[in-house]
Amino acid sequence: MLRILAFILLLTLSACKLLPEGLLSERTEDQQDWSANKFYSEAKDKLNEGNYSAAIKLYESLEARYPYGRIAQQAQLEIAYAHYKNDEPASAIAAADRFIKLHPNHSNVDYAYYIKALAGFNDNWGMMGALMRGPLKQDMSERDSRASYESFENFKELVSRFPDSKYTPDARQRMAYLLNSIAMNEVHVARYYMKRKAYIAAANRAQNVVKEYPRTPATEEALYIMIRAYDALQMHDLRDDAERVMRLNFRNSYYLVELPEVGGKKWWEFWKN
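Basis of the calculations
- Residues numbered from 1 in each chain as written.
- Predicted model: local features only at pLDDT ≥ 70, side-chain atom pairs only at ≥ 80, totals over all residues.
- Heavy atoms only, no water.
- Helix = DSSP H or I, 4+ residues; strand = E, 2+ residues; numbered from the N terminus.
- Buried < 20%, exposed > 50% of the residue type's maximum accessible area, 1.4 Å probe, protein only.
- Areas by Shrake-Rupley, 256 points an atom, 1.4 Å probe, with all protein chains shown as cover.
- Polar contact = N/O pair within 3.5 Å; in protein donor to acceptor, adjacent residues only side chain to side chain.
- Phe/Tyr/Trp six-rings, centres within 6.5 Å; stacked < 30°, edge-to-face > 60°.
- Contact = heavy atoms within 4.5 Å.
- Expected span 1.5 Å × (residues − 1).
- Arc of directions from axis to C-beta.
- Axes fitted to C-alpha atoms, helices over the stretch in contact; angles between N-to-C directions.
- Parallel < 35°, antiparallel > 145°, perpendicular 65-115°, else oblique.
- Left-handed = near helix turned anticlockwise from the far one by under 90°.
- Nonpolar A, V, L, I, M, F, W, Y, C, P; charged D, E, K, R; others polar.
- pLDDT = per-residue confidence, 0-100.

Draft legend 1. Quick look at the overall build of the protein. Regarding its fold elements, the protein presents 13 helices and zero strands. Going residue by residue from the N terminus, the α and β elements of the protein occur as α-α-α-α-α-α-α-α-α-α-α-α-α. Residue burial in the protein is summarised as follows: out of 273 residues, 38% are buried. As displayed, the protein offers around 16,900 Å² of accessible surface, 53% of which is attributable to carbon and sulfur atoms.

Structure, rendered in structure tokens:
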């Protein structure tokens, strides 16, 4: 047993000799004498290298040693970004919220709002997110819409508070995407109800899309679902109203080709009234 332990110790010492001096010094260097600028510089280097975990630790050490001043504030802001890049959306949002609470009048507080919204927008559910974006190719609209709605509200807060921010144009584009994603989520649910022949539930979901998200592309399919659901329920007046709206707004929709007779009349007879 003693011979085995001696052999392991010998291997360990030999391996240490093979390590680069720079790596050894990095491990053994005492950070007690580091200045705030030194901590920040090292953290920034790790951030730029893509070593986000190491950057986070250094930013945290900086703030623990030097909790006040401009550099500490910048570290608090950049730690939110590091968590975001490290696929830790919850931590990124928490860090951004903390910065907003501590420094509501900071000149870069708009960036904290942006990172907070972006973290929710790109929430990838850990390992499952990689599958959904990769091999399984799940559309964002097929996920739970709560995260999309929260992200939309966060972008909305940025846009309303800081209309002139350099992050606002991108926020507006993401809001438009999220709005349609939320609307399409409702359509996915309505489709499910249609397959289950739960026509009232399907019509209600589709109607919600038309009322709440009228300018999104999802409205086209929502109207079609309303028509088919009301037709199955033999609610001809509501069905006719939905089709009038659809033909008025989506004249060239391919969904129109599949429509059955409308309330006992062919579709073209509507335009004679």
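Here the narrative resumes.
Draft legend 2. Just the side chain of Ser165, in detail. Within the secondary structure layout, Ser165 lies in the loop between helix H9 (145-161) and helix H10 (168-195). Taking the relative accessible area as the measure of exposure, Ser165 reaches 9% and is therefore buried. At a separation of 3.1 Å, a polar atom in the side chain of Ser165 contacts the main-chain amide nitrogen of Tyr167.

Draft legend 3. Geometry of the packing of aromatic side chains. Tallying each qualifying case throughout the model produces 13 aromatic pairs. Considering the side-chain rings of Tyr81 and Tyr84, the 6.3 Å spacing of their centres and the 50° angle between planes classify their relative orientation as tilted. Here the residue Tyr81 and the residue Tyr84 both occupy positions in helix H5 (residues 70-85), the gap between them amounting to three residues, near one helical turn. Judged by its relative accessible area of 26%, Tyr81 is partly exposed. Residue Tyr84 is classed as buried on the basis of its relative accessible area, which comes to 18%.

Draft legend 4. View of the environment of Ala171. On the secondary structure map, Ala171 appears in helix H10. Apart from the residues within four sequence positions on either side, Ala171 is in contact with Phe155, Leu158 and Val159.

Draft legend 5. Up close: helix H11 (residues 199-212). Helix length check: H11 (14 residues) gives 20 Å between terminal C-alpha atoms against 20 Å at 1.5 Å per residue, within 8%. Residues of H11 that are buried include every one of Ala202, Ala203, Ala206 and Val209, and no others. Taken end-on, H11 shows its buried residues confined to a sector of 120°, consistent with a single buried face. For H11, the exposed residues set more than 90 degrees away from the buried face come down to Ile200, Lys211 and Glu212. Summarising the contacts, the buried residues of H11 are in contact with H10 and helix H12 (218-232).

Draft legend 6. The arrangement of the packing of H5 against helix H6 (residues 89-102) in detail. At a minimum axis distance of 7 Å, the contact between H5 and H6 shows a crossing angle of 160°. In terms of orientation, H5 lies roughly antiparallel with respect to H6. The interaxial crossing formed by H5 with H6 has left-handed handedness. Contacts from Gln73, Gln76, Leu77, Ile79, Ala80, His83 and Tyr84 of H5 reach H6 at Ser91, Ala92, Ala95, Ala96, Arg98, Phe99 and Leu102. When its residues are assigned to classes, the contact of H5 with H6 shows nine nonpolar, four polar and one charged.

Draft legend 7. Molecular detail of the environment of Asn154. Among the structural elements, Asn154 can be located in helix H9. Contacts of Asn154, omitting those with residues within four sequence positions, involve Lys116 and Ala117.

Draft legend 8. Focus on the confidence of the model for the protein. Taken residue by residue, the protein gives an average pLDDT of 81. The fraction at 70 or more is 75%. Per-element confidence in the protein is highest for H11, whose mean pLDDT is 96, and lowest for helix H8 (residues 127-133), whose mean pLDDT is 37. Within the model, the stretch residues 262-273 combines pLDDT values under 50 with 16 contacts to residues more than four positions away or in other chains.

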